[in-house]
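What the coordinates show
As a plain string of letters, each chain reads:
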Amino acid sequence: MARDPYRPRTPIIGMVMVFLALAIVGVTAYLHLGWWSLIGYAAAAVIAVVGGWLLFKDVPEPPHSGPGAGR
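Let us look at the structure shown here. (Residues numbered from 1 in each chain as written. Predicted model: local features only at pLDDT ≥ 70, side-chain atom pairs only at ≥ 80, totals over all residues. Heavy atoms only, no water.)

1. With respect to helix α1 (residues 10-31)
Between the first and last C-alpha of α1 there are 32 Å, a value that for 22 residues agrees with the 32 Å anticipated at 1.5 Å per step. Along α1, the positions that sit buried rather than exposed are T10, G14, A21 and T28. What you see down the axis of α1 is that its buried residues fit within an arc of 50°, all on one side. Along α1, exposed side chains directed more than 90 degrees from the buried face belong to V16, F19, L22 and Y30. Among the residues trailing α1, H32 stands out with phi positive, at a value near 50°. (Helix = DSSP H or I, 4+ residues; strand = E, 2+ residues; numbered from the N terminus. Expected span 1.5 Å × (residues − 1). Buried < 20%, exposed > 50% of the residue type's maximum accessible area, 1.4 Å probe, protein only. Arc of directions from axis to C-beta.)

Quick look at the structure:
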């Protein structure tokens, strides 16, 4: 099975996407384009959600402790 060459860079790509979404919101708010701003905000929201998912998808689940935790 071939290795995915982008796997080590996935968090970096996600972080860049989140910053891109912030930049889109900044430019959209600066330009005040009325209804066109809605498209900019919607695109930024989608980009931010996908970027956040890429950023945190490889974070392992934390160990469980407390009542009911297996030892």
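Here the narrative resumes, following the displayed structure.
2. Observations regarding helix α2 (residues 35-56)
Three- or four-residue spacings in an α-helix give side chains the same orientation, since the helix completes a turn every 3.6 residues. Over its 22 residues, α2 extends 32 Å from the first C-alpha to the last, a length consistent with the 32 Å expected when each residue adds 1.5 Å. All of the buried residues along α2 are S37, G40, A44, I47, G51 and L54. End-on, the buried residues of α2 take up no more than an arc of 115°, which puts them together on one face. Of the exposed residues in α2, those oriented more than 90 degrees away from the buried face are W35, L38, I39, V46, V49, W53 and F56. Structurally, α2 contributes buried residues whose contacts are with α1. (Contact = heavy atoms within 4.5 Å.)

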